[in-house]
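Architecture at a glance
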Amino acid sequence: GGGGSRRRRLLAAKVNKHKPWIETSYHGVITENNDTVILDPPLVALDKDAPVPFAGEICAFTIHGQELPFEAVVLNKTSGEGRLRAKSPIDCELQKEYTFIIQAYDCGTGPREMAWKKSHKAVVHIQVKDVNEFAPTFKEPAYKAVVTEGKIYDSILQVEAADEDCSPQYSQICNYEIVTTDVPFAIDRNGNIRNTEKLSYDRQRQYEILVTAYDCGQKPAAQDTLVQVDVKPVCKPGWQDWTKRIEYQPGSGSMPLFPSIRLDTCDGAVSSIQITTELQTNYIGKGCDRETYSEKSLQKLCGASSGIIDLLPSPSAATNWTAGLLVDSSEMIFRFDGRQGAKIPDGIVPKNLTDQFTITMWMKHGPSPGVRAEKETILCNSDKTEMNRHHYALYVHNCRLVFLLRKDFDQADTFRPAEFHWKLDQICDKEWHYYVINVEFPVVTLYMDGATYEPYLVTNDWPIHPSHIAMQLTVGACWQGGEVAKPRFAQFFHGSLASLTIRPGKMESQKVISCLQACKEGLDINSLESLGQGIKYHFNPSQSVLVMEGDDIGNVNRALQKVSYINSRQFPTAGVRRLKISSKVQCFGEDVCISIPDVDAYVMVLQAVEPQITLHGTDRFWRPAAQFESARGVLLFPDIRIVSTFAKAEAPGDIRTTDPKSAVLDEMLHNLDFCDILVLGGDLDPRQECLELNHSELHQRHLEATNSTAGYSIYGVGSLSLYEQVLHHVRYRNWRLASLGARRFRLKCSELNGRYTSNEFNLEVSVLHEVRVSDEEHVNHLIVQPPFLQSVHHPESRSSIQRSAVVPSVATVVVIISVCMLVFVVAMGVYRVRMAHQHFTQEMEAAKEAEMDWDDSALTITVNPMEKHEEPGRGEDETEEEEEEEVEEDISSSSSDSDDSDEEEEEGMGRGRHGQSGARQAQLEWDDSTLPY
C-alpha cells in the first residue's frame, strides 16, 4: 500500500509540474448598488501544464480576507478566465475602497481535487464609484441676521449645506442660489449673502428670502432654507434693554440686576471686552450695609472670645465718656473734627497689656490738611500729669498709620522695637476700612480688610523708666499732661471712627476678623457653573466690584445678565445704591476700537417691614412677704411673652396702616440684642433689696448682663424665645419689707441697637402682709362666705349640732361656755373684717384701674373652715412649713404653675363688684394659711 501511494505522487509530480500564474496586482472599479467589478488587467490565470487535462486547467480563485463582500468565479477552466463580483450591494457611503489578496488554483491531477497547486498571492485594490443619490441639506433650518441701514456688507451671513454622497463630485456643494425674486441680496458659491444696495429701515425693516444649494452633480437641495434679515437704524455702540431703577424688596435673596441687557457694538468686529460692574455703597453706614448691633454683640455673633473692651460704646450711664462726641448716625459712627477727644475712665482697660493684645477699628480718613501735617491720634496712652511720655499710641501721620509701643524699663536696658509704620493708599482714600493691629511683641502685624500687611519701617527706642505717674487713655486726641502750663488735648484726629476695641491676649482667628468686617450686601452671580466657556471674572473682597472679561459678545451678555444684587440683612438700610457698568472693548489689531458709554443705574432698597415688638404678661400681682424674703425671691416675669408682628395690608397700599379692618397682623421672627429692666420710683437699696439672675441662665444662651441699683440689663444677640426664657428667671428679693408696699419695674427690649424697640411693659409687685388672728378665725369665713359656699356649709353645721345633743351634761355646760366665748370672738372678728375690707377696697380700686389679673384667684383655693375645725392636732409650725413649701413651689414653677388661677383672674376683671368681694375673700383666705388650730 505504501509503495502504491508513493508511485501515485511521483506520477502526479510528473503530470502537474507547474503552478498557475496570475498578475501580481489588480485595480478594479465597482459602481455602488451594482455587483460587477471591472478589473485592470482582467482576471486570467495561466498554467504551463496545459493542455494536460486537470494539471493545465484552472479550477478556482480564492479571496483572502474577513467578511469581504466579494467572490471570484472561474468562467473558463481551459483559458483560466475569471470574474470578480459583489456578493451583496456595495455602498460608497459606508466604504469607499477595498484591498484584499487573491490566488488561483489548478485542477491537480484528477477530478477528485488531488494535488492542486496554487499561484502566488496577488493584491486586488477596488474603488467604489459613487452614485449621486443624496441631495444637499442645509445645516440650519433657518438663518437670522441683523444689518444696519445705509451700509453695503461684503457678507451679512453665511449659509452652509452638506451632501452625504461619498465622492467629491457629488458630496461637494458647487453653488448656492437665492430662490426669492426681487430682493436686494446676492449669494456667492461659498454661501455668503450680501446686500446689493443700501437698505433703509423706514422702507423695509425685515426681509425673508429662500436659498437653495446644488452639489457638483447639479442636484438641488431637497428643501430650501429661510434667511431672515432684520434692518435696524443707524446705531451707537452701547448697552441695550436695561432699566435705570431696580427695586429690591428686603428678603428677596439674590436678584438679577439686568436680566435682559445686551451689548450692541454696531457690527464692530470685537476681539475681547472687559466689563466692570461697581456697586457704590460708600455712603451707606461703614462703607456698605453691615449689621448694626453693638460691637460686643457683633463679637459674640462672630464667635469671638470674651474680653473685648469697647472704647467707643453707645453713650449711657455706665459709658458716658462718648456722650460729648459727634455721632454720624444711629450706627454709632463717631466723627472727629479736629477739636474733640475722649478720656477713657481708669479701670476700663488694664494698665499692663503685656506683650499680646489686639486693637480693632473701622476708620474713614482723608488727606491731612496743611502742607506739614501733624500727627492725628486715634488712641493714646500717655502720662496724666508732670510728664508727656506716650506709652502706646495709634495715629495717622502723612497718610501713614503708625503704632507706638514703648516698653517699660526692665533688667535689660537695650533698644527695643518701638514704632511700626505702614504706608497704604487706603489710609487717605476717604473710604471705610477695617483695621486690626495685632501685637505679639516684638512683632506687630496689620490686617486691613482681611489682608495682611507687614510694617515697612520699624524704629527702635529706649525703654521708658518706671515712675509713679498715672496714665490717661484717650481716643481722638492725645492727653498732654506735662511740658505745658495747663494739661490739655493735642494731636487731634480728623475723620470717622467706629467699633474701636482693644482686647488683651492673643488675636482672634482670620475667620472671626473676616466676619467682623463682612458686608451684608454686594454683587453676586447666579449659577457660576453656567457662565460659559471663555468668561473670566474677579470680585474685590467686599464684593462691590465685579470684573468680567470674554471674547464672545453673546457669552459676555449672558454673564452680565446673571449679575445680581444681594442683601442678607433682615432689616437692611433703606435707600439708593448706585450702580455703574464701564466697558472696555478691543478689536482685532487695535488697542481700543469703539467707545461704550457707561451704564448709570441704581438699586432702590425698599423699607423693610418694621416689626412691632410687643411685651405682654401679668402686669400686677401680690406675693406673700415670705417669698420676697426667701433666698429664691419672687419671679418678676413668669409669664412674659415677646411677640413681633407686622401689619400686612389686604389690598395694595401702605403696609403700615393702623386700621385693623384693612390690615392683618402677621407674626415674624427675628433677634433681639438687649432687654432693660428699669426700677421705677427710686433706685434699689442694696442693703435690703436686689434683682438676681443665675449666670448659668445667661451663659448657656450666650448672653451677658449688667446689674446696678437702677436696674438690670441683658444683652447679646438672641431670638425672641431665648430672651423670654431668660426673663422668666429674673427674681426680685427684699429682706426688709416693713416699709415696702409695692415695687414698680419697667421692661423694654430692642433689636438692632435700638433701631426697633418694644412697648414699655410696666409691672407692679405688691407685698401681701399676713394677718394673724385667733383659732376661731374660721367663723369669719362663715360671715363673708358667698351664698353658694354657705349652702354647702350649713348641712355640716346642723349635723355637728345633732352630734352635740348626745353629749353628757358636763359637756353641755362646756358647750354653753364655749358659745359665750364664741360670741365675743365673733364680735372682734367682725370688727377686723370691716377694717381689712376697708383697706383692701382701696387697693382694689387702684387695681381695677390698672386692670389687675389677680382678683379671683382666691376662689380656687377655698378652704372649708368646718373641715379645718375637725383637725385639732394641726399646729402653727406645721402650717408655716406648708406655707414655705408653697412659696418654693411658686418660685420654681412656670407662669402657669406659679399662679394656677390666671385665667380665672381675668374672668374676675369682668365681674365688677363680685370680683371685689372675691378679692376680699382672697385676702382672708391668704391670712388663714398661718392660723393655729
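Owing to the predicted nature of the structure, the values given are computational and were not obtained by experimental measurement. (Residues numbered from 1 in each chain as written. Predicted model: local features only at pLDDT ≥ 70, side-chain atom pairs only at ≥ 80, totals over all residues. Heavy atoms only, no water.)

**Points about the side chain of Ser583**
Here is the rule: In this text, helices come from DSSP runs of H or I with a minimum length of four residues, and strands from runs of E with a minimum of two, each type numbered from the N-terminal end. A 1.4 Å probe rolled over the protein chains alone gives each residue an accessible area, and that area as a share of the maximum for its type sets the label: buried under 20%, exposed over 50%, partly exposed in between. In the analysis that follows, any N or O atom pair within 3.5 Å is treated as a polar contact, provided that within protein one partner can donate a hydrogen and the other can accept it, and provided that, for residues neighboring in sequence, both atoms belong to side chains.
By the element assignment, Ser583 lies in strand E43 (residues 575–587). For Ser583, a relative accessible area of 15% corresponds to the buried category. Within the structure, the side chain of Ser583 is placed 2.8 Å from the side chain of Trp239, a separation counted as a polar contact.

**Some details on the sheet that holds strand E39 (residues 521–525)**
Strand pairing within a sheet occurs via backbone hydrogen bonds; the two strands may be parallel or antiparallel. Our working rule: By this definition, two strands are paired if DSSP reports at least two bridges between them. Simply put, an axis is a line fit to the C-alpha atoms, just over the touching stretch for a helix, and the angle between two N-to-C directions goes from 0 to 180 degrees.
Strand order in the open sheet formed by three strands is E19-E42-E39, and the pairing between neighbours is antiparallel. The open sheet terminates on both sides in strands that have one partner only, identified here as strand E19 (254–256) and E39. Taking each pair of neighbouring strands and ignoring which way they run, the sheet shows an average axis angle of 35 degrees. Note that E19 and strand E42 (residues 563–567) share three bridges and pair antiparallel. Residue pairing across strands places Met255 opposite Tyr565, the latter belonging to E42.

**What to know about the confidence of the model for the chain**
For clarity, the threshold we go by: Per-residue confidence from the predictor is reported as pLDDT, a score between 0 and 100. For this analysis, residues touch if any pair of their heavy atoms sits within 4.5 Å.
Per-residue pLDDT for the chain averages 78, and the proportion of residues at 70 or more is 78%. A low-confidence stretch, residues 774–808 (pLDDT under 50), is modelled with 45 contacts involving residues beyond four sequence positions or located in other chains.

**Some details on a nonpolar patch on the surface**
Note the following rule: To count toward a patch, a residue needs a relative accessible area over 30% and no salt bridge; like charges are then connected within 9 Å, while nonpolar side chains (Val, Leu, Ile, Met, Phe, Trp, Tyr) are connected within 5 Å. Surface exposure here means Shrake-Rupley accessible area, sampled with a 1.4 Å probe, where a residue is shielded only by the protein chains that are shown. The term salt bridge refers to a pairing of a side-chain nitrogen on Lys or Arg with a carboxyl oxygen on Asp or Glu at a separation within 4 Å.
There is a patch of nonpolar side chains on the surface, built from Val179, Leu210 and Leu226 and spanning about 200 Å² of accessible area. Assessed through its relative accessible area of 37%, Val179 is described here as partly exposed.

**Section: helix H8 (residues 720–727)**
Counted residue by residue, H8 has six buried out of eight residues, so it is predominantly covered. Of all the positions in H8, only Leu720, Leu722, Tyr723, Glu724, Val726 and Leu727 are classed as buried.

**Points about the pairing of strand E29 (residues 400–405)**
Counting buried residues in E29 gives five out of six residues, a clear majority hidden from the surface. Pairing analysis gives six bridges linking strand E28 (residues 390–397) to E29, with the strands arranged antiparallel. Counterpart to His397 in the pairing with E29 is Arg400. Between the end of E28 and the start of E29, which pair antiparallel, lie two residues, with Asn398 showing a positive phi angle near 55 degrees. Pairing geometry for E29 and strand E30 (residues 416–423), over five bridges, is antiparallel. Directly across from Val402, in E30, lies its bridge partner His421.

**Quick notes on helix H5 (residues 553–561)**
Among the residues of H5, Asn555, Val556, Asn557, Ala559 and Leu560 are the ones counted as buried. Summarising the contacts, the buried residues of H5 are in contact with strand E17 (238–240), strand E20 (262–264), strand E21 (270–280), strand E41 (545–550), E42 and E43. The N-cap residue of H5 is Asp552: its side-chain oxygen and the backbone nitrogen of Gly554 are 3.2 Å apart.

**Looking at the nonpolar core**
The line we're drawing: Among buried residues, the Ala, Val, Leu, Ile, Met, Phe, Trp, Tyr and Cys ones that are joined through side-chain atoms within 4.5 Å form a nonpolar core.
In terms of nonpolar packing, the biggest core is built from 58 residues, with Ile714 and Leu747 touching the most fellow members. Per-element tally for this core: the top contributor is H8, with five residues. Contact partners of Ile714, with chain neighbours within four places excluded, come to Asp673, Phe674, Cys675, Leu693, Leu698, Leu703, Glu704, Ala705, Tyr723, Val726, Leu727 and Val730. One finds Ile344, Val396, Ile427 and Leu473 within the second-largest nonpolar core, a separate group that totals 42 residues.

**Structural notes on the pattern of salt bridges**
What the rule picks out here adds up to 23 salt bridges. Asp685 serves as the salt-bridge partner of Arg687, at 3.1 Å between the closest nitrogen and oxygen. The exposed category is assigned to Arg687, whose relative accessible area is 61%. Across the salt bridge formed by Glu692 and Arg731, the nearest N and O atoms sit 3.3 Å from each other.

**Details of the state of the cysteines**
Under the convention used in this document: Cysteine sulfur atoms that pair up within 2.5 Å are treated as a disulfide.
All chains considered together, the criterion is met by six disulfides. Sulfur-sulfur distance for the disulfide between Cys92 and Cys166 comes to 1.5 Å. On the sign convention where negative is left-handed, the bridge of Cys92 and Cys166, at about 90 degrees about the S-S bond, is right-handed. Here the residue Cys92 occupies a position in the loop between strand E5 (81–86) and strand E6 (97–106), and Cys166 occupies one in the loop between strand E11 (161–162) and helix H2 (168–171), the gap between them amounting to 74 residues. A relative accessible area of 1% means that Cys92 is categorised as buried. Each sulfur in the disulfide pair Cys380 and Cys478 lies 1.9 Å from the other. You can see Cys380 sitting in strand E27 (residues 376–383) and its partner Cys478 sitting in strand E36 (residues 478–480), a full 98 residues away along the chain.

**Considerations on the sheet that holds strand E10 (residues 157–158)**
Here we have three strands laid out as an open sheet, ordered E10-E14-E13, and antiparallel in their pairing. In the strand order of this sheet, the two ends are held by E10 and strand E13 (185–187), each with one partner.

**Observations regarding the pairing of strand E16 (residues 225–232)**
The buried fraction of E16 amounts to seven of the eight residues, a majority that puts the element mostly inside the structure. Bridge analysis of strand E9 (residues 142–148) against E16 gives seven bridges, and the strand direction is parallel. In the sheet register, Ala145 faces E16, and the bridge partner there is Val229. Two elements, strand E15 (residues 206–215) and E16, share six bridges in a ladder whose sense is antiparallel. Across the sheet, residue Glu208 finds its bridge partner in E16, namely Gln228.

**Points about unusual backbone geometry**
Put simply, Asp40 and Pro41 share a cis peptide bond, and its omega is -5 degrees. Of note, Pro41 is situated in the loop between strand E2 (37–40) and strand E3 (58–64). The backbone of Asn33 sits at a positive phi, close to 70 degrees, despite the residue not being glycine. For Asn33, the location among the structural elements is in the loop between strand E1 (25–31) and E2. Backbone geometry at Gln218 places phi at a positive 65 degrees, although glycine is not the residue there. Within the element layout of this structure, Gln218 appears in the loop between E15 and E16.

**Quick look at the environment of Glu208**
Along the chain, Glu208 falls in strand E15. Among the residues examined, Glu208 registers a relative accessible area of 47% and is labelled partly exposed. Between the C-alpha atom of Glu208 and that of Tyr143, which follows or precedes it by 65 residues, the distance is 9.8 Å. When residues no more than four places from it in sequence are discounted, the contact partners of Glu208 are Thr180, Leu226, Val227 and Gln228.

**Brief notes about the environment of Thr645**
With respect to the helices and strands, Thr645 occurs in strand E48 (residues 641–649). In this structure the C-alpha to C-alpha distance between Thr645 and Leu665, which are 20 residues apart in sequence, comes to 5.9 Å. Sequence-distant contacts of Thr645, that is, excluding residues within four places in its chain, are made with Glu610, Pro611, Gln612, Leu665, Asp666, Glu667 and Met668.

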